[in-house]
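Architecture at a glance
Listed below are the residues making up each chain.
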Amino acid sequence: MSTSILVLPGDGIGPEVTPATIAVLEAADREFGLDLRFETHEIGLSSLAAAGTTLTPQTMARIPEVDGVILGPVSHYDYPSRDEGGINPSAELRTVFELFANIRPCRSREGLTILREPMDLVIVRENTEGFYSDRNMFAGTGEFMPDANLALSVRKVTAAACERIARAAFELAATRRKKVTAVHKANVLKLSDTLFLREVRQVAADYPNVELEELIVDATAALLIRQPSRFDVIVTTNMFGDILSDEASELTGSLGLGGAINAGTDICVAQAQHGSAPDIAGQDIANPTSLILSAAMLLDWIGQRKNDPALIEAGQMISRAVDLVLDNPDSRTRDIGGPLGTVAFSKAVVDTISAAVR
């Protein structure tokens, strides 16, 4: 049975790191007989120029019909208003398709990390509400200005969203080291974060073999540096998860070295942790590691849903191949001290996959 993947290259370095990622997936396809079928749609600034919108209805309609999506980085800061066709694809996909779980593994890499002890954790971030004003209202946004000198922003926290992100975290922790850290700011956000903790505690009761720890976000930010090994799975609300996952990735070696997926009940989108970096676009120097690892996570997600061991094994093989390539300073990209460009790094991963399988 074939597996269909919709490819959305995006802006900036997106049209470079996305083909580099597809080359790795094609190598895994050859070695594992996955029968991957790729379909590419333009989004972002190229779509705006061609179709008057950064995200067409045709692309949105196609997403529920495929097995998975690869989303390249987007330059949404440069988009016009929504009324003028400037839709943020990342936010739109997360809210329309209820991709409530942003899952970001963070594992330190020898020779690249600045940490004194190892980090091996996963941050499970609620993805659809919180302080993100562009996605937390049914109509309009959660940010507004009653007058020229006053700006207000609404934080949205619902019991349903907290419950499902907590359950995703506990399900994941049950397969790892069996600990969940719920990160909050309930000492200040007394209503919204107390609601979050209430739902986390209720879910925790269903997982007696998984330890629950509750930690204020300030302390978490410090302990990620001082005691990273204490963490297994971190679950938190949208903005805290965004900030902490970027911090954790940088501590492990670079923001460009961490994979991520945005997962809902029936749809999953692989998306790099970094931005579109338009200042280095077109120079073959972008590091494609994050999107490659995100695509590997996507294969695993699809494989779990389809009960397809080949997809799961292929995802694991891609991750191991990336590890092997990054272990060698001579096969790293320039941003982390190596000599390779985007295409050459992708080829090194492809060659490693082929050599390992054969």
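For the structure, check the block above.
Residues numbered from 1 in each chain as written. Predicted model: local features only at pLDDT ≥ 70, side-chain atom pairs only at ≥ 80, totals over all residues. Heavy atoms only, no water.

Burial along strand 3 (residues 68-71) is two-sided: Gly68 and Ile70 and Val69 and Leu71, pointing in opposite directions, are all buried. Pairing between strand 1 (residues 3-8) and strand 3: 4 bridges, direction parallel. From the neighbouring strand, Leu6 faces strand 3, where its bridge partner is Val69. Inspection of the sheet shows strand 3 paired to strand 12 (residues 268-271) by 3 bridges, in the parallel sense. (Buried < 20%, exposed > 50% of the residue type's maximum accessible area, 1.4 Å probe, protein only. Helix = DSSP H or I, 4+ residues; strand = E, 2+ residues; numbered from the N terminus. Pairing = 2+ DSSP bridges.)

Two elements in contact, helix 1 (residues 14-32) and helix 9 (residues 289-306), have axes whose closest approach is 9 Å; the angle formed by their N-to-C orientations is 45°. The pairing of helix 1 with helix 9 is recorded here as oblique in orientation. Considering only the axes of helix 1 and helix 9, their crossing is right-handed. For the pair helix 1 and helix 9, the contacting residues are Val17, Thr18, Thr21, Val24 and Leu25 in the first and Leu291, Ile292, Ala295 and Leu299 in the second. The class makeup of the residues in the contact of helix 1 with helix 9 is 7 nonpolar, 2 polar and no charged. (Axes fitted to C-alpha atoms, helices over the stretch in contact; angles between N-to-C directions. Parallel < 35°, antiparallel > 145°, perpendicular 65-115°, else oblique. Left-handed = near helix turned anticlockwise from the far one by under 90°. Contact = heavy atoms within 4.5 Å. Nonpolar A, V, L, I, M, F, W, Y, C, P; charged D, E, K, R; others polar.)

Taken together, the 10 strands give an open sheet; going across it, the order is 2-1-3-12-11-4-5-10-8-9, and neighbouring strands pair in mixed fashion. In this open sheet, the two strands that pair with only one neighbour each are strand 2 (36-40) and strand 9 (211-216). Direction aside, neighbouring strands of the sheet carry axes that sit 25° apart on average. Sheet topology places strand 1 next to strand 2; 5 bridges connect them, and they run parallel. Residue Leu6 lies in a different strand from strand 2, and its bridge partner there is Glu39. The strands touched by helix 1 are strand 1, strand 2 and strand 3; relative to strand 2, the strand with the most contacts, the crossing angle is about 160°. Against the sheet, helix 5 (residues 159-173) touches strand 4 (101-107), strand 5 (120-126), strand 8 (179-184), strand 9 and strand 10 (233-236), its axis set at about 160° to strand 5.

Right, let's get into the pattern of salt bridges. Scanning the model with the defined rule gives 24 salt bridges in all. Here Arg62 makes a salt bridge to Glu65, at a shortest N to O gap of 2.9 Å. Between Asp323 and Arg109 there is a salt bridge, and its shortest N-O distance comes to 2.7 Å. With Asp323 in helix 10 (residues 309-327) and Arg109 in the loop between strand 4 and strand 5, the pair connects residues that are 214 residues apart, well separated along the chain. Asp323 gets classed as buried once you look at its relative accessible area, which sits at 17%. Take Arg109: its relative accessible area is 10%, and that puts it in the buried class. What you see here is one network of salt bridges that share partners, running through Asp120, Arg176, Arg177 and Asp232. (Salt bridge = Lys/Arg side-chain N within 4 Å of Asp/Glu carboxyl O.)

Right, let's talk about the packing of helix 1 against helix 10 for a bit. Helix 10 packs onto helix 1 with a crossing angle of 130° between their chain directions and a minimal axis gap of 10 Å. Between helix 1 and helix 10, the angle is such that the two are oblique. The chirality of how helix 1 crosses helix 10 is right-handed. Between helix 1 and helix 10, the contacting residues are Val24, Leu25, Ala28 and Phe32 on the first element and Ala310, Glu313, Ala314, Met317 and Ile318 on the second. Counted by class, the contact of helix 1 with helix 10 contains 8 nonpolar, no polar and 1 charged residues.

Everything listed is a geometric property; what it means functionally is a separate question.
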